[in-house]
Amino acid sequence: MDLYKILLSAHKGFAYLELALTALFIIALLTVMFGYSGKVNKFLKKITLFTMIFFHVQFLIGIVMLIMNFTKGLDMGSVMKNADLRFQYVEHPFSMLIAAVLMTIINKKVKSNDTISLGIVIMGLIAVGLFAFAFPWTRVFGA
């Protein structure tokens, strides 16, 4: 089997897991923010860590796939003219990179603080918003 197809299957498979982890992260974040007076619990720490890890794994697999595609002779002029290719090769990786960086910052803040601030919640919502924007819904769920 082709290495690209293996990576694509892994990337797509981890996407389902990433959706579940992201939903759990948002639920845990909002529960801590509104339910426990902002006190960080073990569940939030763990779900933030696992969500961050899978964001990074997904990003690394995606970067390898992106490099493999560009070594096959894909040029940026044709990519930027086509909306589907632009989303796949520019908007999706860049948004996911920013979301992964935000999740890393959130993980550090959650791990080092006893209480959660509104800034962390807003940063988490921005990271999830970028993730939702860049997620290829039609490719994963086939519409």
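Residues numbered from 1 in each chain as written. Predicted model: local features only at pLDDT ≥ 70, side-chain atom pairs only at ≥ 80, totals over all residues. Heavy atoms only, no water.

A few words on the environment of phenylalanine 50. Among the secondary structure elements, phenylalanine 50 is positioned in helix α2 (residues 42-70). Given a relative accessible area of 42%, phenylalanine 50 falls into the partly exposed group. Between the C-alpha atom of phenylalanine 50 and that of glycine 38, which follows or precedes it by twelve residues, the distance is 20 Å. (Helix = DSSP H or I, 4+ residues; strand = E, 2+ residues; numbered from the N terminus. Buried < 20%, exposed > 50% of the residue type's maximum accessible area, 1.4 Å probe, protein only.)

By the definition in use, this model includes one salt bridge. We note a salt bridge from glutamate 91 to arginine 86, for which the minimum N-O separation is 3.4 Å. (Salt bridge = Lys/Arg side-chain N within 4 Å of Asp/Glu carboxyl O.)

Our focus in this paragraph is the packing of helix α4 (residues 83-112) against helix α5 (residues 118-134). How two helices sit against one another is set out by the angle between their axes and by the gap between those axes. For the pair α4 and α5, interaxial distance at closest approach is 8 Å and the crossing angle is 155 degrees. Relative to α5, the element α4 is oriented roughly antiparallel. Where α4 crosses over α5, the two elements pack in a sense that is left-handed. For the contact of α4 with α5, the per-class residue count stands at 17 nonpolar, three polar and two charged. (Axes fitted to C-alpha atoms, helices over the stretch in contact; angles between N-to-C directions. Parallel < 35°, antiparallel > 145°, perpendicular 65-115°, else oblique. Left-handed = near helix turned anticlockwise from the far one by under 90°. Nonpolar A, V, L, I, M, F, W, Y, C, P; charged D, E, K, R; others polar.)

This structure, assessed with the given rule, holds four aromatic pairs. Ring geometry for phenylalanine 55 versus phenylalanine 131: centroids 5.3 Å apart, planes at 45 degrees, classification tilted. In this pair, phenylalanine 55 sits in helix α2 while phenylalanine 131 sits in helix α5, placing the two residues 76 residues apart along the sequence. Taken individually, phenylalanine 55 and phenylalanine 131 each receive the classification buried, so the pair is uniform in this respect. Here the aromatic residues Phe55, Phe131 and Phe135 are joined through ring pairs into a cluster of three or more. (Phe/Tyr/Trp six-rings, centres within 6.5 Å; stacked < 30°, edge-to-face > 60°.)

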